[in-house]
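Working through the structure, step by step
Listed below are the residues making up each chain.
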Amino acid sequence: MSEQNLVFPARVLRGAGVIQQLGGICRQLGQRALLIGGHQALEAVEPHVRAQLAAAQVELVGSEWFGGETSLRQIARLGELAKTLNAEVIIAAGGGKALDTCKAVGAEHHIPLITIPTIAATCAAVTPLSIRYDDQGNFYDIFPLPQAPAAVIIDSALLAKAPLRWLAAGLGDTLAKWYEFRAVSQRHPPLGANEKSSLAHSLICYEVIAEHGPKACEALRNQQPDQHLDQALDAIFTFAGITSLMSNGAHMAASHAIYEGFTFCDKTREYGHGLLVGYGNLCLLALENRSDEELLREMTLAYQCGIPLTLTAIADLTSEELAVIVGESVATTDMKNMAEPVSEARLYQAMARVEALATANF
């Protein structure tokens, strides 16, 4: 039997107000905590963190911006800061890039980590990997980590305050679990129990979002968290996280390949990982030669979940910029997981088909 190393978070807390348990969790991990995150995330959580740590008699030794990019330079900088401050636990707050940066720092320096996602844009809060970029924001690699977060705090009341586009991003990224794993399975049928479990969880992700995703978006529009938002958050963080963990990350295909291509264009780089993956889902279905009826059904779900359906909805691209995106997408390792080889011409055709269907029907 081949060796397989599955790394799970130690604790996952989900529900409105669970950030109030932060102090007790920190006290079990260390006496000196360093808070790292995005600017808006720090603004949103720092008052809660300070109050919780003070009540638990844990010292907050610093509050630091993560640097804006999950790059080797920022990971090294923050690692040196954590050593200088003798941090015994890192509290990571924000979106995927902030959390991925902190996960890499914690793993490199053997410091336990607590993640507090402030947007529901990806499953980064729970996974033992970091998607790294260069300092300009171009995709660099997917870096597996030997440890997962010691605790994940998914506070639905906090997440409900984030802009709707970030929930839409999380829905798009999570839908990719099913679309991509199904596509990968055509070339590499799941043989072991872990792979079969991951495939089953990816379908659960899809089914939960199909049922609750549109209503979760409506709840967020009304700033009224409800059971539909809770169910969507479970899909984005828990079920999607299990899918990634059980597959050891070997489930990505055209959707993420296209996202990686978008990172090479200044106009699209910061649009949002999950939103670009969500658009990539539709191109993946077109690359699989799915029927117009199926494509329109999945486009309707994407539309109801706030996911862009067309290139023009993402950015006004020149032919030269689109050529870079297409070329980089086709060159990725993820694109090679598709059942049939994907050439630049095939990807252009898929994008054109998606654009035509969306323009005519939405």
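Now for a description of the structure that goes with this document. (Residues numbered from 1 in each chain as written. Predicted model: local features only at pLDDT ≥ 70, side-chain atom pairs only at ≥ 80, totals over all residues. Heavy atoms only, no water.)

**Quick look at the overall build of the protein chain**
To keep it simple, the criterion reads: Secondary structure elements are defined from DSSP: runs of H or I of at least 4 residues count as helices, runs of E of at least 2 residues count as strands, and each element is numbered from the N terminus. The quantity called the radius of gyration is restricted to C-alpha atoms. Its globule counterpart is 2.2 Å times the number of residues to the power 0.38. Each residue's exposure class comes from its accessible area (1.4 Å probe, protein chains only) as a fraction of the maximum for that residue type: buried when under 20%, exposed when over 50%, partly exposed otherwise. Contacts are assigned to residue pairs that have any heavy atoms within 4.5 Å of one another. Using a 1.4 Å probe, accessible areas were evaluated by the Shrake-Rupley method; residue-level cover was limited to the displayed protein chains.
Counting its secondary structure elements, the protein chain contains 14 helices and eight strands. Against the globule reference of 21 Å for 362 residues, the protein chain gives a C-alpha radius of gyration of 20 Å, in line with a compact fold. Summarising its shape, the C-alpha atoms of the protein chain cover approximately 60 × 45 × 40 Å along the three principal directions. Buried positions account for 58% of the 362 residues belonging to the protein chain. Put simply, of all contacts in the protein chain between residues at least 6 apart along the chain, 79% involve residues at least 24 apart. Summed over all atoms, the accessible surface of the protein chain reaches about 14,700 Å², with 52% contributed by carbon and sulfur.

**Points about unusual backbone geometry**
The backbone of Asn86 shows a phi angle near 55 degrees, a positive value even though the residue is not glycine. Relative to the helices and strands, Asn86 resides in the loop between helix 3 (72-84) and strand 4 (89-94). Phi is positive for Asn289, close to 60 degrees, though the residue is something other than glycine. You can see Asn289 is positioned in the loop between helix 10 (273-287) and helix 11 (292-304).

**Digging into the packing of aromatic side chains**
Here is the rule: In summary, the pairing rule links any two rings of Phe, Tyr or Trp, Trp by its six-membered ring, whose centres are within 6.5 Å, and it sorts them by plane angle into stacked for under 30 degrees, edge-to-face for over 60 and tilted for everything else. A ring is considered to have a charge above it if a Lys NZ or an Arg CZ atom is located within 6 Å of its centre and within 35 degrees of its normal.
Throughout the structure, instances matching the rule amount to five aromatic pairs. Considering the side-chain rings of Trp65 and Phe66, the 6.3 Å spacing of their centres and the 70 degrees angle between planes classify their relative orientation as edge-to-face. Judged by centre distance (6.5 Å) and plane angle (85 degrees), the rings of Tyr133 and Phe139 are edge-to-face. Judged by relative accessible area, which is 5%, Tyr133 ranks as buried. The residue whose ring lies beneath Arg165 is Trp166, and the NZ or CZ to ring-centre distance is 4.8 Å.

**Remarks on helix 13 (residues 319-331)**
Filter applied, for reference: Expected span of a helix: the number of residues minus one, times 1.5 Å. Think of it as the arc spanned by the lines of direction from the helix axis to the C-beta atoms.
For helix 13, which comprises 13 residues, the first-to-last C-alpha distance of 18 Å matches the rise-based estimate of 18 Å (1.5 Å per residue) to within 8%. Along helix 13, the positions that sit buried rather than exposed are Leu322, Ile325, Val326, Ser329 and Val330. Projected down its long axis, helix 13 carries its buried residues within an arc of 125 degrees, all on one side. In helix 13, those exposed residues whose orientation departs by more than 90 degrees from the buried face are Glu320 and Ala331. On the buried face of helix 13, the contacting elements are helix 9 (254-262), helix 12 (311-314) and helix 14 (344-361).

**Remarks on the environment of Ala302**
Tracing the backbone shows Ala302 in helix 11. Judged by its relative accessible area of 4%, Ala302 falls in the buried class. Placed 23 residues apart in sequence, Ala302 and Tyr279 show a C-alpha to C-alpha distance of 8.4 Å. Those residues in contact with Ala302, other than ones at most four positions away along the chain, are Ile307 and Leu309.

As far as function goes, none of this settles anything; it's purely spatial.
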